[in-house]
Amino acid sequence: MDPILVVDRVSKSFGSLRAVDDVSLSVEEGEIFGIAGPNGSGKSTLFNIITSIPFPADSGRVVFEGREIQRMRPNRVCRFGLARTFQKETSFDTLSTLDNVILGSTYGRGTDDSAESRKQAGETLEFVGIGTDQFERPAAELSVFDKKRLMIASAIVTEPRVLLLDEPASGLTKPEIDETIDLIRRLNQSGVTLLVIEHVLPLLLTVSARLLVLNHGSELVTGTPDDVIRDPHVVEAYLGSRARHD
């Protein structure tokens, strides 16, 4: 069976800065694929060019379910079945929690039935762990954890085949990270393939079948979590060259 998502030698530059440099990866259907790397290594830029939000790659191909999508508009990419979240909690703060997810259903999935959108939005919020008592609360009043869950709900209400999560655990407490791990697993068990960027390495090591580590915009190593964390190049990228000799 062909991979559900193939990223083939993509690159992106900003002036003289090569933010992503000839990166390739393939993700199998049903897999949780982790992406790690030091700050500034190109992780979020890679998500940006996979989804064309806010910009496509300068070169290379993105193939989703056998079809090239690197020239598609972002709304078409979403309706085709690929959704994402962002590193910073993103919501329409003046709207209610429920209305944020209804927007995702209406514009991300093209749902015309307002009653169906409302029902779907409520079920999705409950799935991510936000109770009915929060539905009418303005998004601006939510905690960081609930804003992250709201962002995930707004993405998964579009019914993606592949979901890209950009640092879903950043800024969270240990119990909240544990709940996020549980949510990622439940999403995967429901049939969603996931790509996860995270600095919280215990989360990536727990949920990922494979890990890609980026450094300075390039692939450093790809492999199983156990192999990756023992790779001397990864140790050096995170801890510096002295760590290899201490």
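Above this text you will find the structure in question.
Worth saying up front: this structure is predicted, and the values here are computed from it rather than measured. (Residues numbered from 1 in each chain as written. Predicted model: local features only at pLDDT ≥ 70, side-chain atom pairs only at ≥ 80, totals over all residues. Heavy atoms only, no water.)

Trainee: What's the story with the overall build of the chain in this structure? I'm lost.
Mentor: Secondary structure summary: the chain contains 9 helices and 10 strands in total. Compactness check: the chain gives a C-alpha radius of gyration of 18 Å against a globular reference of 18 Å for 246 residues, within 12% of the reference. Across its three principal directions, the C-alpha atoms of the chain cover 60 × 40 × 40 Å. In the chain, which comprises 246 residues, the proportion classed as buried is 49%. Counting only contacts in the chain whose residues sit at least 6 apart along the sequence, the fraction spanning at least 24 positions is 64%. (Helix = DSSP H or I, 4+ residues; strand = E, 2+ residues; numbered from the N terminus. Rg over C-alpha atoms; globule rule 2.2 N^0.38 Å. Buried < 20%, exposed > 50% of the residue type's maximum accessible area, 1.4 Å probe, protein only. Contact = heavy atoms within 4.5 Å.)

Trainee: Quick question: what am I supposed to make of the nonpolar core here?
Mentor: Grouped burial of nonpolar side chains is what soluble globular proteins tend to show. Judged by nonpolar contacts, the single largest core of 40 residues is most densely connected at Leu-125, Leu-163, Leu-194 and Leu-203. Looking at this core element by element, the count peaks at 6 residues for helix α5 (residues 144-156). Sequence-distant contacts of Leu-203, that is, excluding residues within four places in its chain, are made with Ala-169, Ile-177, Thr-180, Ile-181, Ile-184, Val-196 and Glu-198. Membership of the second largest hydrophobic core comes to 28 residues, among which are Val-10, Val-27, Leu-46 and Val-162. (Core = buried A, V, L, I, M, F, W, Y, C linked by side-chain atoms within 4.5 Å.)

Trainee: Explanation requested: the sheet that holds strand β10 (residues 218-223) in the structure shown.
Mentor: Think of a sheet as strands paired side by side through backbone hydrogen bonds, with each pair either parallel or antiparallel. Taking strand neighbours across the sheet as the criterion, the 6 strands line up as β6-β7-β8-β3-β9-β10 in an open arrangement whose pairing is mixed. Sheet topology places β6 (82-84) and β10 at the edges, where each strand pairs with a single neighbour. In this sheet, neighbouring strand axes are inclined to one another by 15° on average, regardless of whether the strands run parallel or antiparallel. (Pairing = 2+ DSSP bridges. Axes fitted to C-alpha atoms, helices over the stretch in contact; angles between N-to-C directions.)

Trainee: What is the right way to read the packing of helix α3 (residues 97-108) against helix α4 (residues 114-128) from this model?
Mentor: The description of two packed helices rests on the angle between their axes and on the distance between the axes. Where α3 contacts α4, the axes come no closer than 8 Å and their chain directions differ by 115°. Considering only the axes of α3 and α4, their crossing is right-handed. Seen from α3, the contacting residues are Thr-97, Leu-98, Asp-99, Val-101, Ile-102, Ser-105 and Thr-106; seen from α4, they are Ser-117, Arg-118, Ala-121, Gly-122, Thr-124 and Leu-125. Among the residues making up the contact of α3 with α4, the classes are represented as 5 nonpolar, 6 polar and 2 charged. (Left-handed = near helix turned anticlockwise from the far one by under 90°. Nonpolar A, V, L, I, M, F, W, Y, C, P; charged D, E, K, R; others polar.)

Trainee: Hey, could you run me through the environment of Ile-102 in this one?
Mentor: Position of Ile-102 relative to the elements: it lies in helix α3. Classification of Ile-102 by relative accessible area gives buried; the value is 15%. Placed 21 residues apart in sequence, Ile-102 and Glu-123 show a C-alpha to C-alpha distance of 11 Å. If near-sequence neighbours (up to four positions away) are discounted, Ile-102 is found in contact with Ser-117, Arg-118 and Ala-121.

Trainee: What exactly am I supposed to notice about α4 here?
Mentor: Side chains three or four residues apart in an α-helix point the same way, a direct result of the helix having 3.6 residues per turn. With 15 residues, α4 extends 21 Å between its outermost C-alpha atoms, agreeing within 8% with the 21 Å of an ideal straight helix rising 1.5 Å per residue. Buried residues of α4: Ser-117, Gln-120, Ala-121, Gly-122, Thr-124, Leu-125 and Val-128, and no others. For α4, the secondary structure elements touched by its buried residues are α3, α5 and α6 (174-189). Backbone geometry just after α4 places Gly-129 at a positive phi near 105°. (Expected span 1.5 Å × (residues − 1).)

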